[in-house]
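Topology and contacts: notes
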Amino acid sequence: MKILDANSAGTLEGGPTFTLGNRVFRGFWNLTWLLLASWTPPIFNSWRVMLLRLFGAKVAPGAFVYGSARIWYPPQLEIGRRAIIGRRASIYSVAMITLHDYANVSQGAHLCSAGHDIDDAHFQTVARPITIGAQAWIAAEAFVGPGVTIGEGAVLGARGCTFSDLEPWTVYAGNPARALRARKVHRSAQSRA
């Protein structure tokens, strides 16, 4: 996906940030999701996954996406096995966003792969990919900024905010997110037997 040059496109004066083709594609996508998916109950997950795949997302078997989730551009989204995108989560996929197996993006969380160059006179849009590691959890209403990698098993607590990579198997909270402790995963008695 091409981001237009803010100077040439006159973005500050109301010019476009993205190509006409991209804007038309996203218009069809948003209309499709609104009419055919946003209102569907959880049991219609396979239908929502089929729509995401139809519009270019790579979705592994067993992944779950709630109807109220907002996905900006499906071709820039890859969802691993048993990964979850929760209710009202916002996936601003200007650059690639990857959720590895068993990653969990909770309700109201925001993955934002783009922003602006605040030092550029024309406020140029810039995008960098986001990666959410296997078994990582982005808790309710947390924010992950452009270019961030969330390590395997890491946790970003509710309403936490990060613009930096998070180390694997570490629990973070706050704004800006700070490491609180190591994450220890306990296996149930049944799984140990």
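Shown above is the structure to which this text applies.
What this report covers is the structure whose coordinates are included nearby. (Residues numbered from 1 in each chain as written. Predicted model: local features only at pLDDT ≥ 70, side-chain atom pairs only at ≥ 80, totals over all residues. Heavy atoms only, no water.)

Comments concerning the nonpolar core
Selection rule: As used in this record, nonpolar core signifies buried Ala, Val, Leu, Ile, Met, Phe, Trp, Tyr and Cys residues forming a set joined through side-chain atoms within 4.5 Å. Note on classification: 1.4 Å probe, protein chains only; a residue is buried when its accessible area is under 20% of the maximum for its type, exposed when over 50%, partly exposed between these limits. The way it works is that DSSP assigns letters per residue, a run of H or I at least four long becomes a helix, a run of E at least two long becomes a strand, and they are numbered from the N terminus. Residue contacts follow a heavy-atom distance rule, with two residues in contact if any of their heavy atoms lie within 4.5 Å.
Residues Leu 77, Ile 85, Leu 99, Leu 111, Ile 132, Ile 138 and Ile 150 are the most contacted members of the largest nonpolar core, which totals 38 residues. Where this core is concerned, the elements lending two or more residues are helix 2 (20–36), helix 3 (45–54), strand 4 (77–79), strand 7 (97–99) and strand 12 (130–132). The element best represented in this core is helix 3, accounting for 3 residues. Those residues in contact with Leu 77, other than ones at most four positions away along the chain, are Ala 57, Lys 58, Ile 71, Ile 85, Ile 91, Met 96, Ile 97 and Leu 99. By size, the runner-up hydrophobic cluster in this structure holds 5 residues, among which are Phe 18, Tyr 73, Val 94 and Ala 114.

Some remarks on the sheet that holds strand 16 (residues 155–156)
Hydrogen bonds along the backbone pair up the strands of a sheet, which may run parallel or antiparallel. Let me state the cut-off plainly: In this analysis, strands are considered paired if DSSP registers two or more bridges between them.
A sheet is described by the order of its strands in space; here 7 strands give the open sequence 2-5-8-13-16-18-19, paired in mixed fashion. The open sheet has two edge strands, strand 2 (64–65) and strand 19 (178–182), and neither has a second partner. Pairing between strand 18 (residues 170–173) and strand 19: 4 bridges, direction antiparallel. For Val 171, the partnering residue across the bridge sits in strand 19 and is Arg 181.

Considerations on the packing of helix 2 against helix 3
Operational definition: As a rule, the C-alpha atoms of each element are fitted with a line to give its axis, helices using only the stretch in contact, and angles between N-to-C directions run from 0 to 180 degrees. Just so you know how the angles are binned, under 35 degrees is roughly parallel, over 145 roughly antiparallel, 65 to 115 roughly perpendicular, and the rest oblique. Classification used: nonpolar for Ala, Val, Leu, Ile, Met, Phe, Trp, Tyr, Cys and Pro, charged for Asp, Glu, Lys and Arg, polar for all others including Gly.
Between helix 2 and helix 3, the least distance of the axes is 11 Å, while the angle of their chain directions is 170 degrees. Overall, the two elements helix 2 and helix 3 adopt an arrangement that is roughly antiparallel. Within the contact between the two elements, helix 2 uses Trp 29, Thr 32, Trp 33 and Leu 36 and helix 3 uses Trp 47, Arg 48, Leu 51 and Leu 52. In the contact of helix 2 with helix 3, the residues fall into 6 nonpolar, 1 polar and 1 charged.

Some remarks on the side chain of Gln 124
Filter applied, for reference: For this analysis, a polar contact is any N or O atom pair within 3.5 Å, provided that within protein one partner can donate a hydrogen and the other can accept it, and provided that sequence-adjacent residues contribute only side-chain to side-chain pairs.
By the secondary structure assignment, Gln 124 is in the loop between strand 10 (114–116) and strand 11 (125–127). Taking the relative accessible area as the measure of exposure, Gln 124 reaches 16% and is therefore buried. A distance of 2.6 Å separates the side chain of Gln 124 from the backbone nitrogen of Ala 6, its partner in a polar contact. Excluding residues within four positions of it along the chain, Gln 124 makes contact with Ile 3, Leu 4, Asp 5, Ala 6, Gly 115, His 116 and Asp 117.

Here's the deal with helix 3
Threshold: Directions drawn from the helix axis to the C-beta atoms are what define this arc.
Listed in full, the buried residues belonging to helix 3 are Asn 45, Arg 48, Val 49, Leu 51 and Leu 52. Looking straight down helix 3, one finds its buried side chains confined to an arc of 160 degrees; they lie on one side. The exposed residues of helix 3 that point more than 90 degrees off its buried face are Ser 46 and Leu 54. If you follow the buried residues of helix 3, they end up packed against helix 2, strand 1 (58–59), strand 2 and strand 3 (70–71). Just past helix 3, the residue Gly 56 takes up positive phi, approximately 105 degrees.

A few points about the environment of Ala 37
Checked against the element boundaries, Ala 37 lands in the loop between helix 2 and helix 3. A C-alpha to C-alpha distance of 18 Å links Ala 37 and Gly 62, two positions 25 residues apart in sequence. In this view, Ala 37 contacts Thr 32, Arg 48, Leu 51 and Gly 67; residues no more than four positions away in its chain are not counted.

Examining the sheet that holds strand 9 (residues 110–112)
Ordered by their spatial adjacency, 5 strands build an open sheet running 3-6-9-14-17, and the pairing between neighbours is parallel. Edge positions in the sheet fall to strand 3 and strand 17 (161–162), since each has one partner strand and no second.

Some thoughts on the pattern of salt bridges
Rules: Basic side-chain nitrogens of Lys or Arg form a salt bridge, by our definition, when they fall within 4 Å of a carboxyl oxygen of Asp or Glu.
On inspection of all chains with the given rule, the structure shows 2 salt bridges. Here Arg 81 makes a salt bridge to Asp 101, at a shortest N to O gap of 3.1 Å. Linking Arg 81 in the loop between strand 4 and strand 5 (84–85) with Asp 101 in the loop between strand 7 and strand 8 (104–105), this pair joins segments that are 20 residues apart in sequence. Of the charged contacts, one joins Arg 159 and Glu 141 as a salt bridge, the two residues approaching to 2.5 Å between their closest N and O atoms. Taken together, the residues span a long stretch of sequence, with Arg 159 in the loop between strand 16 and strand 17 and Glu 141 in the loop between strand 13 (137–138) and strand 14 (143–144) at a distance of 18 residues.

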